[in-house]
There are 4 protein chains.
Amino acid sequence: MRLSLQPSLDSSDYRYTHVLRTRFAETDAMGIIHHGSYPAYLEEARVAMLSAAGFPYAEVRSGPEGVDFAVLELYVRHRRPLRFDEEVQTHVTVGKLTRTTFQVGYLLEVGDEARATAVTVHGAVDADGRPSRMPGFLSELVGVGHQEP
Amino acid sequence: MRLSLQPSLDSSDYRYTHVLRTRFAETDAMGIIHHGSYPAYLEEARVAMLSAAGFPYAEVRSGPEGVDFAVLELYVRHRRPLRFDEEVQTHVTVGKLTRTTFQVGYLLEVGDEARATAVTVHGAVDADGRPSRMPGFLSELVGVGHQEP
Amino acid sequence: MRLSLQPSLDSSDYRYTHVLRTRFAETDAMGIIHHGSYPAYLEEARVAMLSAAGFPYAEVRSGPEGVDFAVLELYVRHRRPLRFDEEVQTHVTVGKLTRTTFQVGYLLEVGDEARATAVTVHGAVDADGRPSRMPGFLSELVGVGHQEP
Amino acid sequence: MRLSLQPSLDSSDYRYTHVLRTRFAETDAMGIIHHGSYPAYLEEARVAMLSAAGFPYAEVRSGPEGVDFAVLELYVRHRRPLRFDEEVQTHVTVGKLTRTTFQVGYLLEVGDEARATAVTVHGAVDADGRPSRMPGFLSELVGVGHQEP
């Protein structure tokens, strides 16, 4: 287990906030957002953060370095359920950058209430899925809100 | 973090094996099964294990005790990607039963190759989402293959 | 087949435009947005239109009339694929209101290029899934852009 | 609208039957299987039919002709909802083969009860998404159960 980032419950510790709205398609028969919908929320926030920082993921993938950020590990802690048609402040930050991996932390809030925290661990891979050199720009994204345990 | 189970890489440590086949709808533009598809795989295996043990989840939910098993935490470690139309041996076992939570461990294999391991932590909740007494039958499911760190 | 609405290719024929961004999770191994992702896009646009018109779907469902709009039929025509990280103008309009059903038409555009058109047919049902009286407010939504074949 | 196949309600009109089980992840807050889950069911049945006929889709895609079957149109009619943990007989058949497209019809049953019918229209495309010659083997799949309006 490479995962070691401890996601903060203080939204000011995060670098970027992406707002999304939960879909009815993402609910389940318990009347809440199904836990399987969260990885897509985290990814949407991650992609929005990269884009806001000037590194749109579509360009990162198709660019000269042509890297993908494979998901190596995923951890989600559900504190309170999300429900249909809620506006979710998805706070996201890059932390724990090594030569071959980086970790991203997340805090999902509705209003000021923490609903979930999460961490993903990524590795850079080339178009064939082989480990690749980490793009240099990632180090620029580590900073405000980067949490170490 | 309640999660503490260490999922074994030895399939004989697991109580039950559910076989599933990956769908094209679950692939992504990297040509592999998207990581967001795994929670549904784990859930499908969990439900199949309960059913095989004589406790179909649909009956557990609608029965006199009327409990749902809310997902409190989820952890997935991707060792090698899954690809379209692969047959996945999803090994599953119950471990770490407390008065209010239980943990489930998973090993996903194609042939003899480990593709992913995972752990989910669950709590029993009633129809309104409030914590509920853990059904007695869960203790019967802890046994073969239950791993403690 | 109740479906009879002919969705226009002229965005000015639609009542409401909802903007969404495609997710990486929604792509497939052909490198495009998987066709199974479209029903959720249509629903998101439908919900946004209701909300903008003053009838948030969450309130419609939990209100005194307590109705759901069951999907009876769905038709999607794919003209050109959507790709990852595209901003989609999802034009939506209500047409063909009968005593028991209504139809919704959709045009999905990126820039000025039509990517897909779609129609859904809905019936009002109560909390137990039985046909229910159509809420009166729906007739207010028929108007600009309502297309009849 | 190319779609013209009329899916039969008589299961003996279909060439192939694929059995699948609905997932909890596929339910929604109405307590039924969300309509957005059906395209993946249809695709799973289509892929199983091709595989049973000796033309696994993964090989069709990676073979010398390297074709994908793009979805051009999709129509689903919901007759009665599917629910969690139901075993669905998904009957599937190829009909309406032209030089550039083919149509597939579907009947989804639980027990002997029709839950949904559907039609998809496909075109052969190469790895770059350009229209391609229809593989010859498709004509072998048209036959038993092929419905014309």
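Owing to the predicted nature of the structure, the values given are computational and were not obtained by experimental measurement. (Residues numbered from 1 in each chain as written. Chains lettered and ligands numbered in written order. Predicted model: local features only at pLDDT ≥ 70, side-chain atom pairs only at ≥ 80, totals over all residues.)

Caption draft 1: Broad picture of the confidence of the model for chain A. Residue and element names in this part refer to chain A. For chain A, per-residue confidence averages 91 on the pLDDT scale, and 95% of positions sit at 70 or higher. When mean pLDDT is taken per element in chain A, strand 1 (residues 16–21) scores highest with 97 and helix 3 (residues 138–141) scores lowest with 82. Low pLDDT, under 50, characterises residues 145–149; the predicted model gives this stretch 19 contacts beyond four residues in sequence or across chains. The ipTM, which scores confidence in the relative placement of chains, is 0.93 for this predicted complex, and the corresponding pTM is 0.94. (pLDDT = per-residue confidence, 0-100. Helix = DSSP H or I, 4+ residues; strand = E, 2+ residues; numbered from the N terminus. Contact = placed C-beta atoms within 7 Å.)

Caption draft 2: A look at unusual backbone geometry. Residues and elements named next belong to chain A. Not every positive phi belongs to a glycine, and Lys96 is a case in point at roughly 55°. With respect to the secondary-structure elements, Lys96 resides in the loop between strand 3 (87–95) and strand 4 (101–110). Overall, Lys96 belongs to the buried group, with 20 C-beta atoms counted inside 10 Å. (Buried ≥ 20, exposed ≤ 12 C-beta atoms within 10 Å, placed from the backbone.)

Caption draft 3: Helix 1 (residues 38–52) of chain C, seen in detail. All names here are of chain C. Between its terminal C-alpha atoms helix 1 stretches 21 Å, which fits the 21 Å expected from 15 residues at 1.5 Å a residue. Helix 1 sits mainly inside the fold: 12 of its 15 residues count as buried. Taken together, the buried positions of helix 1 are Tyr38, Pro39, Tyr41, Leu42, Glu43, Glu44, Ala45, Arg46, Val47, Ala48, Met49 and Leu50. Downstream of helix 1 by a residue or two, Gly54 has a phi angle that is positive, lying close to 95°. (Expected span 1.5 Å × (residues − 1).)

Caption draft 4: View of the interface of chain A and chain B. On the chain B side, the residues contacting the 17 residues of chain A number 17 residues. Grouping the constituent residues of the side of chain A that touches chain B by class yields 10 nonpolar, 4 polar and 3 charged. Judged from the 5 bridges that link them, strand 2 (residues 68–78) of chain A and strand 2 (residues 68–78) of chain B form a sheet pairing that is antiparallel. Within strand 2 of chain B, the position partnered with Leu74(A) by the bridge is Val76(B). (Nonpolar A, V, L, I, M, F, W, Y, C, P; charged D, E, K, R; others polar. Pairing = 2+ DSSP bridges.)

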